[in-house]
Amino acid sequence: MEKIGIIGAGASGVFTAINAKTENNEITLIEKNDKIGKKLFITGKGRCNITNAKFFDEFLENIVVNKKFMYSSFTNFDNYALMDYMEKNNLKLSIQRGDRVFPKSEKSNDVIKLFEKQIRKKNINLRLNENVIDLYKDDKFKVKTSQSAYEFDKLVIATGGLSYPLTGSTGDGYKFAKKFSHKIIHQVPGLCPIIFKDKNLNVLNGISLKNVSLNIETNRGDFKEFGDMLFAKDFITGPIVLTLSSLINRSRVIRMYIDLKPALDFEKIDNRLLREFDKNPNKDISNILKKLLLNAFIDIILERSEINNRIKANQITKEERHRLIKEIKFFHLSFDGLKDINSAIITSGGIDCNEINPKTMESKLVPNLYFVGEVIDVDCLTGGYNLQVAFSQGYACANDIRRKNE
Ligand SMILES: Cc1cc2nc3c(=O)[nH]c(=O)nc-3n(C[C@H](O)[C@H](O)[C@H](O)COP(=O)(O)OP(=O)(O)OC[C@H]3O[C@@H](n4cnc5c(N)ncnc54)[C@H](O)[C@@H]3O)c2cc1C
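So, how was this worked out
Residues numbered from 1 in each chain as written. Predicted model: local features only at pLDDT ≥ 70, side-chain atom pairs only at ≥ 80, totals over all residues. Heavy atoms only, no water. UniProt positions renumbered as here; feature names shortened; annotations may be inferred. Helix = DSSP H or I, 4+ residues; strand = E, 2+ residues; numbered from the N terminus. Salt bridge = Lys/Arg side-chain N within 4 Å of Asp/Glu carboxyl O. Buried < 20%, exposed > 50% of the residue type's maximum accessible area, 1.4 Å probe, protein only. Contact = heavy atoms within 4.5 Å. Pairing = 2+ DSSP bridges. Axes fitted to C-alpha atoms, helices over the stretch in contact; angles between N-to-C directions.

**Quick notes on the UniProt feature "domain: RsdA/BaiN/AoA(So)-like insert" (unreviewed entry) in the protein chain**
And then number 1: The UniProt entry lists residues 188-346 under the feature "domain: RsdA/BaiN/AoA(So)-like insert" (unreviewed entry), expressed in the numbering used here.
And then number 2: Taken end to end, residues 188-346 has its terminal C-alpha atoms 9 Å apart, with 31% of it in helix and 28% in strand.

**Remarks on the pattern of salt bridges**
And then number 1: Inspection of the entire model under this criterion finds 26 salt bridges.
And then number 2: Here D172 makes a salt bridge to K175, at a shortest N to O gap of 3.7 Å. With D172 and K175 both in helix α7 (residues 172-179), this residue pair falls three residues apart, about one helical turn.
And then number 3: Between D198 and R304 there is a salt bridge whose closest N-O contact spans 3.4 Å. Here D198, found in the loop between β13 (194-196) and β14 (208-218), pairs with R304, found in helix α11 (residues 295-304); they are 106 residues apart in sequence, far enough to count as distant.
And then number 4: Given the relative accessible area of 22%, R304 is considered partly exposed.
And then number 5: One salt-bridge network, in which partners are shared between bridges, spans D138, D139, K142 and E151.

**Describing the UniProt feature "domain: RsdA/BaiN/AoA(So)-like Rossmann fold-like" (unreviewed entry) in the protein chain**
And then number 1: Residues given the UniProt feature "domain: RsdA/BaiN/AoA(So)-like Rossmann fold-like" (unreviewed entry) here are residues 4-399.
And then number 2: Here residues 4-399 runs as 31% helix and 26% strand, with 13 Å between its end C-alpha atoms.

**Considerations on unusual backbone geometry**
Trans peptide bonds make up the majority, and among non-glycine residues the majority have a negative phi.
And then number 1: Residue L191 is not a glycine yet carries a positive backbone phi of 50°.
And then number 2: Relative to the elements of secondary structure, L191 occurs in the loop between β12 (184-190) and β13.
And then number 3: Residue L191 is classed as buried on the basis of its relative accessible area, which comes to 1%.
And then number 4: Of note, the phi angle at N368 is positive, near 70°, even though the residue is not glycine.
And then number 5: As for its placement among the helices and strands, N368 is situated in the loop between β20 (346-351) and β21 (369-371).
And then number 6: What makes N368 partly exposed here is its relative accessible area of 24%.

**Let's talk about the environment of L293**
And then number 1: Position of L293 among the secondary structure elements: in the loop between α10 (285-288) and α11.
And then number 2: Excluding residues within four positions of it along the chain, L293 makes contact with L260, I298, I301 and I328.

**So, the sheet that holds strand β1 (residues 2-7)**
And then number 1: The strand order β7-β2-β1-β11-β21 describes an open sheet built from five strands, whose pairing is parallel. Of all strands in the sheet, those with a lone pairing partner are β7 (125-127) and β21, marking the two edges. Strand after strand, the sheet turns through a mean of 15° between neighbouring axes, direction not considered.
And then number 2: Strand direction decides the pairing type here: β1 and strand β11 (residues 154-157), joined by four bridges, are parallel. Paired with I4 across the strands is K154, a residue of β11.
And then number 3: Contacting β1, β2 (25-30) and β11, helix α1 (residues 11-20) runs over the sheet at an angle of about 165° to β2.

Structure follows, in structure tokens:
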């Protein structure tokens, strides 16, 4: 009977285990937590955005790093195959805004329960509360845990990345991979808030912006996202910020600014201001701007444009008006880095894809050693893509284990 060891019972490890089981193998799934899927539980704010229903090309566009590496495993087990799998196992799904797929119940725990049931049904030897502390290979893989020692014919490393370490992903997989001489791409935060240096923006704390565009110019090109974002005390977050963080996390940022009125070009704003000034010549400029901007921004923008906030509309010069519009279209924030990896949604970096067979997830350096999930250097945008990557890779690995076992 072939013995398979899988380290880590997150999305990728569990999915590998339940799909790799045959009558001729014995699968041991080792997890240091007291339950499976601790990170899975908090995904999608507890609702678990399990995948995304976009078609092939559009789906792949959302993979930021090592898209090509995913072609094979995604083709063999894509988002529609995952949805089929879930529904066949009685988990009803719903497709929501942006083609995001959730369990209909909107409870991540229902996904976890499905997996627990499969683990029991398939007779997988689940070892909870066991931390793998060391491993090596001679004729077989020798794995030492906090409780016990094991020997395996095949070993799968599914230990996750570095983000949200309280869920168990503390980067152990990188240490294990290094022991087998695998190259690790330096890890940086992905999908995380962006810190700014500006000290005088306290009034913006808690303000959320809708339909703005955030622009970041870097040494590797300029990036722009349109949508919603949120100000905190010294950082910005929200959908467009998270996306941009993943696009710029290996670049040197030159300039960052918000276009507060992306739907209106310079001339349109100018005409609009002129109309308002004509209608209300004796009104304070700060009052007039209430029609165009959120209150919290008005004094900051006037100060940045060097315009007194008590000045009347009919006193504003053309130069002042143009300075004002410039501040609205280019609301500058001094970039001060990304939040640390602990608070990132995903780890960018990890085991170098060049040393892994993309069809099987087997190491190209060590036969019978496999890697799946976030531990590998693949990362995607938000929308269910990261979990799909974990499931597609897990399936590819399981397929290879099953095929070689038949
Ligand atoms: C807050 C948050 C929300 C997210 N929401 C979504 C979402 O809605 N949709 C989406 O697609 N993606 C989401 N993601 C990303 C997604 O959760 C991860 O990409 C995915 O869970 C990675 O799965 P994994 O199996 O590779 O790693 P993990 O889920 O991190 O699992 C790794 C497991 O290995 C165990 N382990 C580690 N080291 C050892 C050891 N030495 N011994 C024993 N066990 C060990 C850990 O305890 C852990 O259980 C979210 C991430 C976060 C942080």
